Amino acid sequence: MTVTIGELAQSLDARAWGDLDIQVTGAGEPATTLPDSGQIALAMAPKYAEALRPGCIAILAEGMDPEAYAVKAAIFAPRPRLVMAGLTRAFDQGPDIDTGIHPTAVIDPSATIGENAAIAPFVVIGRCAVIGANARIGSHASIGRNARIGSDAVIHSGVRIGHDVVIGDRVFIQPNAVLGGDGFSFVTPEESGIEEIRRTLGERENITTQHWTRIHSLGTVQLGDDVEIGANATIDRGTIRATRVGSGSKIDNLVMLGHNVVVGEDCLLCSQVGIAGSSTVGNRVVLAGKVGVSDNITIGDDVIAGGATKIFTRVPAGRVILGNPAVKMETQLEIQKATRRLPRFAKQLSDLQETVTRLLEKG
Amino acid sequence: MTVTIGELAQSLDARAWGDLDIQVTGAGEPATTLPDSGQIALAMAPKYAEALRPGCIAILAEGMDPEAYAVKAAIFAPRPRLVMAGLTRAFDQGPDIDTGIHPTAVIDPSATIGENAAIAPFVVIGRCAVIGANARIGSHASIGRNARIGSDAVIHSGVRIGHDVVIGDRVFIQPNAVLGGDGFSFVTPEESGIEEIRRTLGERENITTQHWTRIHSLGTVQLGDDVEIGANATIDRGTIRATRVGSGSKIDNLVMLGHNVVVGEDCLLCSQVGIAGSSTVGNRVVLAGKVGVSDNITIGDDVIAGGATKIFTRVPAGRVILGNPAVKMETQLEIQKATRRLPRFAKQLSDLQETVTRLLEKG
Amino acid sequence: MTVTIGELAQSLDARAWGDLDIQVTGAGEPATTLPDSGQIALAMAPKYAEALRPGCIAILAEGMDPEAYAVKAAIFAPRPRLVMAGLTRAFDQGPDIDTGIHPTAVIDPSATIGENAAIAPFVVIGRCAVIGANARIGSHASIGRNARIGSDAVIHSGVRIGHDVVIGDRVFIQPNAVLGGDGFSFVTPEESGIEEIRRTLGERENITTQHWTRIHSLGTVQLGDDVEIGANATIDRGTIRATRVGSGSKIDNLVMLGHNVVVGEDCLLCSQVGIAGSSTVGNRVVLAGKVGVSDNITIGDDVIAGGATKIFTRVPAGRVILGNPAVKMETQLEIQKATRRLPRFAKQLSDLQETVTRLLEKG
């Protein structure tokens, strides 16, 4: 793709400076972007802009002086990451999935393939499945019977969409993600050890040999519109109802959502997050990498959990939490500070005990 | 599938009430189950039963009054989750894998395919592999040379079964799981930094540049009967002997078992558990989500580890543990209580020191 | 493969004893290795050697007496794990991927396939991709447009290599790993909750409804030579530049590297490690299982992080760290010791307060 500096600025809703007719074909980092290369250097902070070569074109932050860096043209980013979104969209060539239906694909005759949908080699599409208009299905993906994929969805290579799963419009699913595996749900004939310790908080009286009986998963998985699912993430089907992810929510690589989990809208679940069965997450919740959520609990709207937080109990809306077990972030930061001094406390306490003992003896 | 209330009660070994001839075709949640829909509502606690619509059919807990909810018929569940197991099994249509051998499958002529086995599109089966009777192999799965799959096994789409891997009867493997990848085992020519700090517990004298040499994996993976493996889980092959999972054990999504690991029978390993190389887990052990186990340690029978527990040393049989590092659950709960008060302790200790100093001065 | 004891010792650069002409066809554990089986028993410590059967052949540690175990021949291992590397390499039959190009593979005519490369069934290779000499590509793998795979690389079944990804020579990639999924990078029109709390460390003033806008990934992924990537691991492409892994680094199953991450040479990243976007890891760094690294931080050369360490801030070169949040390993071990005594401290502190109060009253 080629645009001029002027056109690019307009599409980014940003102000431009210098020679607005220079052609732009891509973006690069300041240190590796050459003059007259067609690349626009991303230099949205002075520390990055230092590496700019004279004669380049660049994106600068508002308030930076283009003449100081001897660039030929510049676009000013009022909110740099937002400009990054527009810029990267402008130069993205789109997913590596050719248009048309590849002859090797195995598509059940009862399936419905939307207009302009692209189906890559070795895709399997089951009975009565529906693929939306302009959807693109990468190689080796499998779409189960009765599954529904929205329009403009991008399903990358090796993704598994189980039977009856429903996926909204404009959804991106990264390679090898699995939607609609069976829930991890088992029961023993008599009370199991887990049930016993949930009751006793640690004590066990009767340890007996029991086998696990499978609770089958009759429910499905439903994703809203504009959802993203990361590579090798897994979302299990519900037992009776569906496991659900609301519109606009983004889920990173290697995340696990257990059976019956409900995630609200516009959430951000970072890599390696795990949410156990039947828990509910509100809207606009952010869980940083490696956060864990126990089963059957509720996390309110707008909760933010820092990296590796472990959540064992319900979290009220709007709370910012951190730690294992999760507490308010500011409390956790105090705990951490005190914990680092803990070995010293131990020493101080023991010294003080001695002093007091001596005082007592004297007294 | 259609059964009558009476037949369903009998198959669940449960008591029924009301019109036993009503036909049941599926199950649903109380709030969304309509009268005369063929769906039986799961209302095994009063709080769920409140949402029941008059004229429905329902499963209730023992002791609940069907007339109070105006249902037409009811089945009583003495142990609700056990009834769920029977009920969901009754209405499960089975895995989405058609019977017969799909013409696109690439099956080595020396492989043995059991009676009634189902092989989906694009499956690859290697030399001398053996597929048991009634086994179902999902699309895009690959079964390596000499691998053996038991009868009635369900291997879902995209699963990788490496060469020589042995899998028992009635095993379920969820999509994109990998059994028989190479172990993560490397060695440096001289002592490595890891070996040094295991010896010194933290001190490092000599930091040298060394490359890692690969220890190849000649062992395999063996699963007993009735094992389940979750989506995107990985079980590495052993170095010389096999990595093993005992009969009846259930392993959730994104779990990692390292090379040479031995897991006993009837264990439950929840999502994102990781067990490092050469560790041994006893029978009936439950590891909750995100539990980590160091290499070369032993976990006794009947151990239960709470969510995100990190186990660095051997755990005796029957122990219930929690925390990082793992301690007895009751100890951990005390530690957590004290930790939350730690910032306050710091203040109290410092106040006390001042007081005692003043006392000393006065004395 | 068959070699004599003498030849094997020579290839391992080790000393041999006894009948050097005995044929060796494989290796086993002492307890299960029979005399005259062709198997050599691995008995590199007295505790293992006790199980040796008389008449066997064995690998012993230097200093052990072969006659005490009545073996017919022995090889002495000066560094046992290094001998394991040589021995397992000697008997490894190589990956289960047949030579030649399978007729079902879909290879774009513009792709270049190196001499002796092996391409398994159902592989898809995109436009202008380059596969090195002797590379082996397992079944169901997909290689995107313009991707480059080095010579002697082994890409196992179901691996996803995205467009433009560059992979060095002699790289091993285990099944279902994903290289080149899109980065997890989003922005809101106005300041988001995450940005707000990074500024305020916990306080939130304005909670507003905002949607996430996608920052597209124009960068790629680059792996050096002799890299290993584990099963179901995921490495996301960079935003503008490449996500990179240096030569000789080994990455285990289910590891996540975010967009723009740079990992140096000869690192060891164990299972379930996660490194968030734009962080940089030096050379010879070892991160044990389940270690987490925040975004945009730097980890120096030769850092070693123990199991489940969570790293939120930069780590200087050579440091050995442990815990959440990470501190020096020796500090963490002291903290753990003090933490276990914390409930007792609480009691002691409260007793001491009482004593001092009484002293004060008396005074």
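Residues numbered from 1 in each chain as written. Chains lettered and ligands numbered in written order. Predicted model: local features only at pLDDT ≥ 70, side-chain atom pairs only at ≥ 80, totals over all residues. Heavy atoms only, no water.

A.B. asks: Can you explain the overall build of chain A? Please cite residues and give values.
C.D. replies: Within chain A, the regular secondary structure consists of 6 helices and 39 strands. By the compact-globule yardstick of 21 Å for 363 residues, chain A is too spread out, its C-alpha radius of gyration being 27 Å. Once the C-alpha set of chain A is aligned to its principal axes, its extents read approximately 90 × 70 × 30 Å. Residues counted as buried form 61% of the 363 residues belonging to chain A. For chain A, long-range pairs separated by at least 24 residues make up 20% of all intrachain contacts whose partners lie at least 6 apart in sequence. Of the roughly 13900 Å² of accessible surface on chain A, 48% is carried by carbon and sulfur atoms. (Helix = DSSP H or I, 4+ residues; strand = E, 2+ residues; numbered from the N terminus. Rg over C-alpha atoms; globule rule 2.2 N^0.38 Å. Buried < 20%, exposed > 50% of the residue type's maximum accessible area, 1.4 Å probe, protein only. Contact = heavy atoms within 4.5 Å. Areas by Shrake-Rupley, 256 points an atom, 1.4 Å probe, with all protein chains shown as cover.)

A.B. asks: For the sheet that holds strand β35 (residues 298–299) of chain C, give the residues involved together with the corresponding values.
C.D. replies: Residue and element names in this part refer to chain C. Read from one edge of the open sheet, 9 strands run β9-β12-β15-β18-β23-β26-β29-β32-β35, paired in parallel fashion. Strands with a single pairing partner mark the edges of an open sheet, and in this sheet they are β9 (112–113) and β35. The pairing of strand β29 (residues 262–263) with strand β32 (residues 280–281) spans 2 bridges and is parallel. Bridge assignment links valine 263 to a residue of β32, and that residue is valine 281. (Pairing = 2+ DSSP bridges.)

A.B. asks: Residues and numbers for the relation of the copies chain C and chain A, please.
C.D. replies: Between the two chain copies there is a screw-like relation: a rotation about an axis and a shift along it. When chain C is fitted to chain A, the best match, at an RMSD of 0.1 Å, comes from turning it 120° and sliding it 0.0 Å along the axis. One copy is carried onto the other by what is essentially a three-fold rotation axis. Both copies present different contact surfaces, since only 19% of the interface residues of chain C are interface residues in chain A too. (Least-squares fit on C-alpha atoms with pLDDT ≥ 70 in both.)

A.B. asks: Before we move on, can you summarise the packing of helix α6 (residues 342–362) of chain A against helix α6 (residues 342–362) of chain B with the specific residues and values?
C.D. replies: In contact at an axis separation of 10 Å, α6 of chain A and α6 of chain B are set at 30° when each is read in the N-to-C sense. Here α6 of chain A and α6 of chain B pass one another in a crossing that is left-handed. For the pair α6 of chain A and α6 of chain B, the contacting residues are Leu342, Phe345, Gln348, Leu349, Leu352, Thr355, Val356 and Leu359 of chain A in the first and Leu342, Ala346, Leu349, Leu352, Gln353, Val356, Leu359 and Leu360 of chain B in the second. Tallied by class, residues from the contact of α6 of chain A with α6 of chain B come to 13 nonpolar, 3 polar and no charged. (Axes fitted to C-alpha atoms, helices over the stretch in contact; angles between N-to-C directions. Left-handed = near helix turned anticlockwise from the far one by under 90°. Nonpolar A, V, L, I, M, F, W, Y, C, P; charged D, E, K, R; others polar.)

A.B. asks: How would you explain helix α3 (residues 80–91) of chain B if you had to name every residue and give the values?
C.D. replies: With 12 residues, α3 of chain B extends 16 Å between its outermost C-alpha atoms, agreeing within 8% with the 16 Å of an ideal straight helix rising 1.5 Å per residue. Within α3 of chain B, the full set of buried residues consists of Val83, Met84, Ala85, Gly86, Leu87, Thr88, Ala90 and Phe91 of chain B. (Expected span 1.5 Å × (residues − 1).)

A.B. asks: Break down the interface of chain C and chain A for me, with residues and values.
C.D. replies: Interface size is often expressed as the accessible area that is lost when the parts come together. Counting from both sides, the interface comprises 81 residues of chain C and, opposite them, 71 residues of chain A. Counting each side, the surface lost to burial between chain C and chain A is near 6000 Å², with a carbon and sulfur contribution of 65%. The largest share of the area that chain C buries against chain A comes from Phe184, Trp212 and Ile240 of chain C, three residues that together contribute 11% of it. Where chain C packs against chain A, one counts 5 salt bridges. (Buried area = accessible area lost by both parts, 1.4 Å probe. Salt bridge = Lys/Arg side-chain N within 4 Å of Asp/Glu carboxyl O.)

A.B. asks: Would you mind going over the pairing of strand β20 (residues 178–181) of chain C in detail, with residue names and values included?
C.D. replies: It is a general feature of regular strands that their side chains alternate between the two faces of the sheet. Alignment of strand β17 (residues 160–161) of chain C against β20 of chain C, held across 2 bridges, turns out to be parallel. If you follow arginine 160 of chain C over to β20 of chain C, its bridge partner there is valine 178 of chain C.

A.B. asks: Go over the pairing of strand β20 (residues 178–181) of chain B, please, and point to the residues and values.
C.D. replies: Bridging between β20 of chain B and strand β25 (residues 234–236) of chain B involves 3 bridges; their strand directions are parallel. Bridging from a neighbouring strand, glycine 181 of chain B pairs with aspartate 236 of chain B of β25 of chain B.

A.B. asks: With reference to specific residues and values, describe the packing of helix α5 (residues 329–340) of chain C against helix α6 (residues 342–362) of chain C.
C.D. replies: The geometry of a pair of packed helices is captured by two quantities: the angle between their axes and the separation between those axes. Residue and element names in this part refer to chain C. At a minimum axis separation of 4 Å, α5 and α6 run at an interaxial angle of 55°. It follows from the interaxial angle that α5 and α6 lie oblique. Taking contact as the criterion, the partners of Ala338, Thr339 and Arg340 in α5 are, on α6, Leu342, Pro343 and Phe345. Residues that form the contact of α5 with α6 fall into these classes: 4 nonpolar, 1 polar and 1 charged. (Parallel < 35°, antiparallel > 145°, perpendicular 65-115°, else oblique.)

A.B. asks: Give me the lowdown on the interface of chain C and chain B, citing residues and values where you can.
C.D. replies: Contact with chain C, which involves 71 residues of that partner, is made by 81 residues of chain B. In total, about 6000 Å² of surface goes out of reach between chain C and chain B, with carbon and sulfur atoms giving 65% of it. Interface area lost by chain C to chain B is led by Arg79, Arg81 and Asp96 of chain C, which between them contribute 9%. At the boundary of chain C with chain B, the tally comes to 5 salt bridges. Summed over the shared surface of chain C and chain B, the result is 28 residue pairs in polar contact (both at pLDDT 80 or more). Mapped by element, the contributors of at least two residues to the side of chain C that touches chain B are β4 (26–28), α3 (80–91), β27 (250–251), β30 (268–269), α5 and α6 of chain C. The element that contributes the greatest number of residues to the side of chain C that touches chain B is α6 of chain C, accounting for 9 residues. Tallied by class, residues from the side of chain C that touches chain B come to 32 nonpolar, 23 polar and 16 charged. (Polar contact = N/O pair within 3.5 Å; in protein donor to acceptor, adjacent residues only side chain to side chain.)

A.B. asks: Quick rundown of the pattern of salt bridges? Include the residues and the values.
C.D. replies: Within this structure, the stated rule accounts for 42 salt bridges over all chains. A salt bridge links arginine 145 of chain C to aspartate 96 of chain A; its shortest N-O distance comes to 3.5 Å. Highlighted residues: arginine 145 of chain C in the loop between β14 (142–143) and β15 (148–149) and aspartate 96 of chain A in the loop between α3 (80–91) and β8 (106–107), drawn from two different chains. Taken together, the salt bridges that share partners define one network made up of Asp182 and Arg214 of chain A together with Glu228 of chain B.

A.B. asks: An account of the sheet that holds strand β32 (residues 280–281) of chain A is needed here, citing residue identities and associated values.
C.D. replies: Residue and element names in this part refer to chain A. Across the sheet, which stays open at both edges, the 9 strands sit in the order β9-β12-β15-β18-β23-β26-β29-β32-β35 with parallel pairing between neighbours. Each having just a single partner strand, β9 (112–113) and β35 (298–299) make up the two edges of the open sheet. Bridging between strand β23 (residues 221–223) and strand β26 (residues 243–245) involves 3 bridges; their strand directions are parallel. Paired with glutamine 222 across the strands is arginine 244, a residue of β26.

A.B. asks: Go over unusual backbone geometry, please, and point to the residues and values.
C.D. replies: Residue proline 325 of chain A is bonded to the preceding asparagine 324 of chain A through a cis peptide linkage, with omega at 0°. Considering the arrangement of structural elements, one finds proline 325 of chain A in the loop between β38 (320–322) and β39 (327–328). Of note, the phi angle at aspartate 226 of chain B is positive, near 60°, even though the residue is not glycine. Along the chain, aspartate 226 of chain B falls in the loop between β23 (221–223) and β24 (228–229). Taking relative accessible area as the criterion, aspartate 226 of chain B reaches 27% and is therefore assigned partly exposed.

A.B. asks: Quick one: what's the story with the side chain of arginine 214 of chain A, residue by residue and with numbers?
C.D. replies: In this fold, arginine 214 of chain A is placed in strand β22 (residues 213–214). Its relative accessible area of 11% is what places arginine 214 of chain A among the buried residues. Here the side chain of arginine 214 of chain A touches aspartate 182 of chain A through a polar contact of 2.8 Å, side chain to side chain. A distance of 2.3 Å separates polar atoms of two side chains, one belonging to arginine 214 of chain A and the other to glutamate 228 of chain B. Beyond its immediate sequence surroundings of up to four residues, arginine 214 of chain A is in contact with Asp182, Ser185 and Phe186 of chain A together with Ala85, Phe172, Gln174 and Glu228 of chain B.

A.B. asks: Outline the environment of histidine 216 of chain A, supporting the account with residue identities and numerical values.
C.D. replies: Inspection of the secondary structure assignment puts histidine 216 of chain A in the loop between β22 and β23. Spatially, the C-alpha atom of histidine 216 of chain A lies 14 Å from that of glycine 258 of chain A, the residues being 42 residues apart in sequence. Those residues within four positions of histidine 216 of chain A in sequence are excluded, and the remaining contacts are Thr239 of chain A together with Ala85, Thr88, Arg89 and Asp92 of chain B. A polar contact is formed between the side chain of histidine 216 of chain A and the side chain of arginine 214 of chain A, at a distance of 3.4 Å. A distance of 2.6 Å separates the side chain of histidine 216 of chain A from the side chain of aspartate 92 of chain B, its partner in a polar contact.

A.B. asks: Quick rundown of the side chain of glutamine 174 of chain C? Include the residues and the values.
C.D. replies: Relative to the helices and strands, glutamine 174 of chain C resides in the loop between β19 (172–173) and β20. A distance of 3.1 Å separates the side chain of glutamine 174 of chain C from the backbone nitrogen of aspartate 182 of chain B, its partner in a polar contact.

A.B. asks: Residues and numbers for the packing of aromatic side chains, please.
C.D. replies: Inspection of the entire model under this criterion finds 6 aromatic pairs over all chains. For the ring pair phenylalanine 184 of chain A and phenylalanine 186 of chain A, a centre distance of 5.1 Å and an interplane angle of 80° mean the geometry is edge-to-face. Pair check on accessibility: phenylalanine 184 of chain A and phenylalanine 186 of chain A agree, each one buried. Lying over the aromatic face of phenylalanine 172 of chain B, arginine 214 of chain A brings its terminal NZ or CZ to 3.7 Å of the ring centre. (Phe/Tyr/Trp six-rings, centres within 6.5 Å; stacked < 30°, edge-to-face > 60°. Lys NZ or Arg CZ within 6 Å of the ring centre and 35° of its normal.)

On their own, these measurements won't tell you what the molecule is for.
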